[in-house]
Amino acid sequence: MNRQKIFNLIGLATRARKIITGEELVLAAIRSGSAKLVILSDDASANTAGKFRDKCIHYRTPMHAFGSRYEIGHAIGKEARVVLAITDSGFAKKLSGLLKEQEEE
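The shown structure was predicted, so the numbers you read here are calculated from the model rather than taken from an experiment.

Novice: Got a sec to walk through the sheet that holds strand β2 (residues 37–40)? Specific residues and values, please.
Specialist: Spatially, the four strands line up as an open sheet ordered β1-β4-β2-β3, and their pairing is mixed. Since the sheet does not close on itself, it has two edges, and those belong to β1 (19–21) and β3 (63–65), each with one partner. Taken over all neighbouring pairs, the strand axes of this sheet differ in orientation by 20° on average, direction set aside. As defined by bridge partners, β1 adjoins strand β4 (residues 83–86) across three bridges and the pair is classed as antiparallel. Looking at the pairing, I20 lines up with A85 of β4.

This is the structure:
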């Protein structure tokens, strides 16, 4: 139930131009502080997951693992995506709440 809500919200953030995708661009956004929330696909490689986890901890950026790379890509209307960053505080707060609920289920 919540999964679809999360994907819909990611799609909405995409249309509002409040997301960044692609490893290098997301890493740059984390470093610059413009990433308010990072979403990593569940099927990201251990190496990629480790890299983003470390960066997010260091820069105190919230991060959640959610969905497959294909589901995330579909939500933003693109090919498979392993990682994306939300650059808007409002979207980040709402998504973070929904993702925490999802993890508790």
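Novice: Give a description of the nonpolar core that names residues and reports values.
Specialist: In terms of nonpolar packing, the biggest core is built from 19 residues, with I10, I39, I86 and L95 touching the most fellow members. Elements supplying a minimum of two residues to this core: α1 (2–15), β2, α4 (69–75), β4 and α5 (89–104). Among residues more than four places away in sequence, those in contact with I39 are I10, H64, F66, I72, V82, V83, L84, L95 and L99. Counting 14 residues, the second largest nonpolar core, distinct from the first, contains L27, I30, A49 and V82.

What counts and what doesn't
Position numbers for residues count from 1 along each chain, tracking the sequence in the order it is written. At least 70 in pLDDT is required for a residue's local features to be given in this predicted model, at least 80 for side-chain atom pairs to be given and counted, and no such filter applies to totals for whole chains, interfaces and linings, which use all residues. The side-chain quantities take in all heavy atoms of the structure and omit both hydrogens and water. Between any two strands, at least two bridges found by DSSP are needed for them to pair. Secondary structure elements are defined from DSSP: runs of H or I of at least 4 residues count as helices, runs of E of at least 2 residues count as strands, and each element is numbered from the N terminus. The angle between two axes is taken between their N-to-C directions and runs from 0 to 180 degrees, where each axis is a line fitted to C-alpha atoms and a helix contributes only its stretch in contact. Buried Ala, Val, Leu, Ile, Met, Phe, Trp, Tyr and Cys residues form a nonpolar core when they are joined through side-chain atoms within 4.5 Å. Accessible area is worked out with a 1.4 Å probe on protein chains only. A residue is then buried under 20% of its type maximum, exposed over 50%, and partly exposed in between. Here a residue-residue contact requires only that any non-hydrogen atoms of the pair lie within 4.5 Å.

In short, shape yes, function no, at least from these values alone.
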